[in-house]
2 protein chains.
Amino acid sequence: MRFLFRRLLLAGVGGLLTASAASAQTPADFKTDSINIRRIYDEALLRGQSYEHLRYLCTRIGARLSGSPQAEQAVQWGKQTMETMGFDRVYLQEVMVPHWVRGKAEKAGIKSKKLKNVPKINLCALGGSVGTSGRPVQAGVVEVRSWDELARLSDAQVRGKFVFFNRPFDDKLIEPGAAYGGAVDQRGRGAIEAAKRGAVGALVRSMTSSRDDFPHTGAMRYDEQVPKVPAAALSTNAADWLSQALKTDPGLEFSLEMDCQTLPEVKSYNVIGEIKGSKRPDEIIVVGGHLDSWDLGQGAHDDGTGCVQSMEALRLLLASGLRPERTVRAVLFMNEENGVRGGQKYAELAKAAGEKHLAAIESDGGGFTPRGFGIEAKSAATVARVQQWAPLLRPYHSDKIGPGHGGTDIGPLRDQATALIGYDGDSQRYFDLHHTAADTFDKVHRRELELGGASMAALVYLLSKYGL
Amino acid sequence: MRFLFRRLLLAGVGGLLTASAASAQTPADFKTDSINIRRIYDEALLRGQSYEHLRYLCTRIGARLSGSPQAEQAVQWGKQTMETMGFDRVYLQEVMVPHWVRGKAEKAGIKSKKLKNVPKINLCALGGSVGTSGRPVQAGVVEVRSWDELARLSDAQVRGKFVFFNRPFDDKLIEPGAAYGGAVDQRGRGAIEAAKRGAVGALVRSMTSSRDDFPHTGAMRYDEQVPKVPAAALSTNAADWLSQALKTDPGLEFSLEMDCQTLPEVKSYNVIGEIKGSKRPDEIIVVGGHLDSWDLGQGAHDDGTGCVQSMEALRLLLASGLRPERTVRAVLFMNEENGVRGGQKYAELAKAAGEKHLAAIESDGGGFTPRGFGIEAKSAATVARVQQWAPLLRPYHSDKIGPGHGGTDIGPLRDQATALIGYDGDSQRYFDLHHTAADTFDKVHRRELELGGASMAALVYLLSKYGL
C-alpha cells in the first residue's frame, strides 16, 4: 500500500440524493442473497485457492518491484493463473513503469568520540532515492519532528548535515492507517525539505508503531528545482538509539553509503481477467489489488493478498454458480508503489473506450480478518445503498460499511466510477510488516485471507445484481 | 480456554422484560462517557501495561498447570503485580486443585511391513490421561469420525485396538470456536467410549483447523465405571498421515508410551484485586481470566492475555481518574483448564458471603483485536441494555454486542449474577495455538492486547456507573 496521498474522503454528505438506476431488493431477494452469499463463503472456506496462489507468488517469485524480472514473472503468473479459472477473457494492458534498483546493501556507521557500544544501524534506501555515488556521505545529524521545527533551525544548524525526521506514529489513534497518514509526509517530502536548507541527506524514522530492527522502505519524491539528496529509512530501534545518541554527543557524524539508482523506464502490464455480465455487460465492476511490491520481503500483505483475493472473488462467483449480471473484472495493477502508472493507464483506457464503471473495489490493506468496506462516492445515497447490504454481511463480520478510502490504484477512476470501495480488514498488524523484509507469506493466515476474498466476492455479487 | 462444556447460551429471549434498577443515560452522559472512554483508550495505547506484564508471565514463569511450581509462582506474581496498582485490596482465595503431570516426553511409533518412510508421529497426552505404566502399548488402530460409526463397529473390530477419533473441524463455520464445539466431544469422551468397547487407548485428532505438527492437549474425562485407558492427541499432520496409512495398511500397529500421572491434590489460589465502589460498594463487577495454563507453550493467549487485561482494566480506570461507583474486582482464576475449581470456589464463597454480583466479564478467547462482547443473561432486556452502549464502543471496533457465551470460570456465578459477559475478539488464529507449544508470548500483538484491555475497562466503567 502506497498511501502517500491517502485521504479519508468523506462521501459527499451534503450532496443531493440522486435518483438511482439500481434495482430494488425484496424480502425474497434477501433470502436468496443470504443463501447465495453463504455458498460463496462455503466455497472459499472449503476449497478456496487464495492461500496456495499467494504461496506461489510470495515464495516462488517473491519481491517484484516495477521493472524487475520478478515483476515480469508475476505478470505471466497472474495471466496463467486466471487462465485456469474459466473467465471469459484474460488479457494484459501495457504500461511503461519506473525502474528503480536498490543495488548493493546500504551501509551506515557512526563516528563519535563520546559514544561507546554503537549498535548496527539498520536502515534502507527509500524508494526512488539517489545513491551516494560509490562512496559514503559523512556528516553531522540534526533531529526534527516537524516541518516547523526544521524551519526554525538556522542555516548553520542544517547546512552540510543529515536531517533526521523522527516524528513517531501517534499511538493513541485506533487505526494504524491514520497514524501512518500523520507521519508519512516525512518520508515523502523529507529529502526535498532537507535539501532546500542545504542538507546532504534525509534520515527518516520508519513508518510503524512497533519497535524493532526492520527498516521500512516506501516512496519518496524529489523536486526538480532542488538538489537530489539521498534518503534512507531507519528502523524504529535505530531511530530511538540515534535520538538518544544525539543527546550524548550532538557532534556525532553519520556515514551513509547507498548504491541505488533509477534506470530507464520499462514496459510492463496490468493483468486483467473478465467475466462478461449476463444482463448488463456494459456496466463494469472492478475488483483489484496491485501486483508490484517493494523489493524487501515477499510483498505478501502488500499486496499479494489483494491480488489473489481479487482473482478469487471472480472464481468464487463462478464456482458458486453465480454468473454475474454485470461485467466483472479482476485487475492486478502494476506499479502502485512508485508511480501508480497501472492505475492511471487503466482509467485512461477505460475513458477512451467510453466504458461505464459502476464500482471499483480494491484490497490493499493486508489480508487480515474482514471488517467491512470503506466507500468513496459523490453521493451519500450511494454509501447508504451499500450500507443496506450490511445485514447480509453481518454473519461474516464484514458489515462495517461507511465512508472511507477506496484505494490508490482505483483512485484514477474517481470521476468515472459511481463508487470506489476499499476492502477493510483488521489493521493492527499491517504496519509492522508494511514495506519491510518481514512482509512474507508466513505472516498471512489462510482463513483470514480466504474470508477476505469471500467478502469481496459477496459485495461483487450484490453490486452485479442490484447496481448502485 | 477449556470450552469443554461450551454452549452458546441464548439470553432468555422469551423471558419477561424485568424492571431495571439501573440508572438512565442522558445525552449529556453520552458526551461525558465518550470523553471518559477515550481517556481509557489513550491510557491503554500510550501507557498500557498489559504487554509487559504478559511478557514476564510468559517468558519468566511460563507454562503453569494447576499444582505445578509455576502455577504457585504465577499466584505470587499476580498478587505482587496487583499490589503495585493502587487497588484497595489484593488477596488470595484458597482452593484445592488437581495435580496432573505429563512426565517424560511421549513416544509413538508405527509397526508395518507395507509402509515406508514413516514420519515422526507428533502427539501428546491429553490432560488427565493415565500413562502406559512404563512400557509401550502396541496395538492395531481403527479410525472413526463419529460415535455412530464407533457404535456400528463389531466388538472384534474394536477390542484390543486404539480407537482413532479423526473428525476434523468443520472449516466452513465462520467462528473457529463453533468448529471446536463440533469436534471437542472426541477429546472429552473418546477414552470412555473407546474403553467401553474394549479398546486399549484413544488417539484423538488435534482440535484445530490448521494443518501442522503441533499436538493440542486439553482436558479429557474418565468414567469410574469404565477402565481408564491412555488418551493422546495427534497433530493434524500426524492424523492425516495415519488416516492415509490405514488405507495402505489396515493392519499397522501403533505403539504409545506415556509417563503421565495424576498426583494428590494441591493447595492453590485465586488472586483477587478489588477497588471499592464509591457509591454502591455492595454491588460487585468481576473481570477475570484464568491464571493456570496447559503445560505446553507459555499460556500466552490461553489465558495469560485474559489475566493481564483484567488487572489492567482496573488500573486503567484509576489511571484515567474514573474511580468506579460500584465495586470492581479483577480475578485471576486458578484451574480453569482441568477442573474449574477456582471458578467454583469463587462463586461458592460469594454466595456464602451473600454478595450481590451485578456482572462478571471473562476474557478467555485470546488477546486478539476486540470485536465486542457476548452476553448470557436471564433477561433479554439485560442484553438490550448493554447493546445500548454500542455507539460508545463503535470508534474502537468493540461494538458487536449480543447474546453469547460468558466464560468457563464465571459460569458458576450464573445464578448469582445479572449477566455473564464474554470478551469477544477476532478468533481466526486462536485455535492454531490453543493448548500447544506454539502458544507463546511472541504470538501476542501489543496493540491488539492493549485495545482488548481498554474495551473491558470501558465496559466496566459503564456497568459501574449505570448498573444493569
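All of these numbers come straight from a predicted model, not from anything done at the bench. (Residues numbered from 1 in each chain as written. Chains lettered and ligands numbered in written order. Predicted model: local features only at pLDDT ≥ 70, side-chain atom pairs only at ≥ 80, totals over all residues. Heavy atoms only, no water.)

*Asks:* Tell me what's going on with the overall build of chain A, and back it up with residues and numbers.
*Replies:* A count of helices and strands for chain A gives 14 helices and 15 strands. With respect to the principal axes defined by its C-alpha atoms, chain A has extents near 80 × 45 × 40 Å. A burial count over chain A gives 63% of its 468 residues as buried. Residue pairs in contact within chain A that sit at least 24 positions apart in sequence constitute 84% of those at least 6 positions apart. Of the roughly 17100 Å² that chain A leaves accessible, carbon and sulfur atoms contribute 52%. Charged side chains of chain A number 59 positive and 55 negative; the gap between the two group centres comes to 1 Å. (Helix = DSSP H or I, 4+ residues; strand = E, 2+ residues; numbered from the N terminus. Buried < 20%, exposed > 50% of the residue type's maximum accessible area, 1.4 Å probe, protein only. Contact = heavy atoms within 4.5 Å. Areas by Shrake-Rupley, 256 points an atom, 1.4 Å probe, with all protein chains shown as cover. Lys, Arg positive; Asp, Glu negative; His and termini not counted. Charge placed at Lys NZ, Arg CZ, Asp CG, Glu CD.)

*Asks:* Residues and numbers for the environment of Met-85 of chain B, please.
*Replies:* All names here are of chain B. Along the chain, Met-85 falls in the loop between helix H3 (69–83) and strand S1 (89–101). Note: C-alpha distance between Met-85 and Ser-210 (125 residues apart in sequence) is 39 Å. Residues within four places of Met-85 in sequence aside, it is in contact with Gln-49, His-53, Met-311, Glu-312, Arg-315 and Leu-318.

*Asks:* So, the interface of chain A and chain B: which residues are in play, and what are the values?
*Replies:* Think of interface size as the accessible area that goes away when the parts come together; that is how it is often given. Contacts between the two partners involve 31 residues from chain A and, on the opposite side, 31 residues from chain B. Between chain A and chain B, the buried area comes to about 2800 Å², and carbon and sulfur atoms account for 44% of it. When the buried area of chain A at its contact with chain B is split by residue, Ile-174, Arg-429 and Arg-447 of chain A rank highest and sum to 24% of it. Scanning the region where chain A abuts chain B turns up six salt bridges. (Buried area = accessible area lost by both parts, 1.4 Å probe. Salt bridge = Lys/Arg side-chain N within 4 Å of Asp/Glu carboxyl O.)

*Asks:* Describe the packing of aromatic side chains, listing the residues and the values that go with them.
*Replies:* Applying the stated rule across the entire model yields 24 aromatic pairs over all chains. Ring plane angle 80 degrees and centroid distance 6.3 Å describe the contact between Trp-100 of chain B and Trp-294 of chain B, whose orientation is recorded as edge-to-face. Here Trp-100 of chain B, found in strand S1, pairs with Trp-294 of chain B, found in the loop between strand S10 (280–290) and helix H9 (300–319); they are 194 residues apart in sequence, far enough to count as distant. Ring geometry for Trp-147 of chain B versus Phe-165 of chain B: centroids 5.4 Å apart, planes at 55 degrees, classification tilted. Linking Trp-147 of chain B in helix H4 (residues 147–152) with Phe-165 of chain B in strand S5 (residues 162–165), this pair joins segments that are 18 residues apart in sequence. Feature note: the residues Phe-169, Tyr-180, Tyr-430 and Phe-431 of chain A constitute an aromatic cluster, connected by ring pairs. It is Arg-89 of chain A that lies over the ring of Tyr-91 of chain A; its NZ or CZ is 3.9 Å from the centre. (Phe/Tyr/Trp six-rings, centres within 6.5 Å; stacked < 30°, edge-to-face > 60°. Lys NZ or Arg CZ within 6 Å of the ring centre and 35° of its normal.)

*Asks:* Tell me about the pattern of salt bridges, residues and numbers included.
*Replies:* One pass over the structure, following the stated rule, counts 77 salt bridges over all chains. Note that Arg-371 of chain A is salt-bridged to Asp-424 of chain A, the shortest N-O span being 3.2 Å. Residue Arg-371 of chain A is located in strand S13 (residues 370–377), and its partner Asp-424 of chain A is located in strand S15 (residues 417–425); the two are separated by 53 residues in the primary sequence. Here Asp-399 of chain B ties to Arg-394 of chain B by a salt bridge, and the two come within 3.0 Å at their closest N and O atoms. Here the salt bridges share partners, and the residues they tie into one network are Arg-89, Glu-274, Lys-276, Arg-329 and Glu-355 of chain A.

*Asks:* Just give me the short version of the state of the cysteines, but keep the residues and values in it.
*Replies:* All chains considered together, the criterion is met by zero disulfides over all chains. Cys-58 of chain B forms no disulfide, and the closest cysteine sulfur to it belongs to Cys-307 of chain B, at a distance of 9.7 Å. (Disulfide = S-S within 2.5 Å.)

*Asks:* With reference to specific residues and values, describe the sheet that holds strand S12 (residues 356–362) of chain A.
*Replies:* Residues and elements named next belong to chain A. In space, the eight strands of this open sheet follow the order S1-S9-S11-S10-S12-S15-S13-S14, with mixed pairing throughout. This sheet does not close on itself; its edge strands, each paired only once, are strand S1 (89–101) and strand S14 (400–403). Averaged over all pairs of adjacent strands, the angle between strand axes in this sheet comes to 20 degrees, irrespective of strand direction. The pairing of S13 with S14 spans four bridges and is classified as parallel. For Phe-373, the partnering residue across the bridge sits in S14 and is Ile-401. Running over the sheet, helix H3 (residues 69–83) touches S1, strand S9 (261–275) and strand S11 (326–333) and is turned about 5 degrees from S9. Running at roughly 140 degrees to S1, helix H10 (residues 341–352) makes contact with S1, S9, strand S10 (280–290), S11 and S12 of the sheet. (Pairing = 2+ DSSP bridges. Axes fitted to C-alpha atoms, helices over the stretch in contact; angles between N-to-C directions.)

*Asks:* Outline the relation of the copies chain A and chain B, listing residues and values.
*Replies:* In the superposition of chain A on chain B (RMSD 0.0 Å, axial shift 0.0 Å), the rotation amounts to 180 degrees. Expressed as an axis order, the relation between the two copies is that of a two-fold axis. No C-alpha of chain A lies nearer the rotation axis than that of Asp-426 of chain A, which sits 4.3 Å from it. Both copies share a contact surface, since 100% of the interface residues of chain A are interface residues in chain B too. (Least-squares fit on C-alpha atoms with pLDDT ≥ 70 in both.)

*Asks:* So, the sheet that holds strand S3 (residues 123–125) of chain B: which residues are in play, and what are the values?
*Replies:* Residue and element names in this part refer to chain B. The mixed open sheet is built from seven strands, whose spatial order is S2-S8-S4-S5-S6-S7-S3. In the strand order of this sheet, the two ends are held by strand S2 (107–111) and S3, each with one partner. Strand after strand, the sheet turns through a mean of 30 degrees between neighbouring axes, direction not considered. In the sheet, S5 pairs with strand S6 (residues 201–205) via four bridges, with the strands oriented parallel. Counterpart to Phe-165 in the pairing with S6 is Val-204. Contacts between helix H7 (residues 185–196) and the sheet are confined to S5, S6 and strand S7 (231–234), with S6 contributing the most and set at about 155 degrees to the helix.

*Asks:* For the environment of Val-331 of chain A, give the residues involved together with the corresponding values.
*Replies:* Residues and elements named next belong to chain A. Inspection of the secondary structure puts Val-331 in strand S11. Spatially, the C-alpha atom of Val-331 lies 9.7 Å from that of Asp-409, the residues being 78 residues apart in sequence. In contact with Val-331, not counting residues within four places along its chain, are Val-271, Ile-272, Val-286, Val-287, Gly-288, Gly-289 and Tyr-346.

*Asks:* So what's going on with helix H14 (residues 446–466) of chain B? Residues and values would help.
*Replies:* Taking 1.5 Å of rise per residue, the 21 residues of H14 of chain B would be expected to cover 30 Å, and the 30 Å separating its terminal C-alpha atoms lies within 8% of that figure. One or two steps after H14 of chain B, the chain reaches Gly-467 of chain B, where phi turns positive at roughly 70 degrees. (Expected span 1.5 Å × (residues − 1).)

*Asks:* Tell me what's going on with the side chain of His-53 of chain A, and back it up with residues and numbers.
*Replies:* In this fold, His-53 of chain A is placed in helix H2 (residues 50–61). Beyond its immediate sequence surroundings of up to four residues, His-53 of chain A is in contact with Trp-77, Thr-81, Met-85 and Val-308 of chain A.

*Asks:* For unusual backbone geometry, give the residues involved together with the corresponding values.
*Replies:* Residues and elements named next belong to chain A. A cis amide bond links Asp-302 to the next residue, Asp-303, at an omega of 5 degrees. Its place among the elements puts Asp-303 in helix H9 (residues 300–319). Within the chain, Asn-335 stands out as a residue other than glycine whose phi angle is a positive 75 degrees. Take Asn-335: it is sitting in the loop between S11 and H10.

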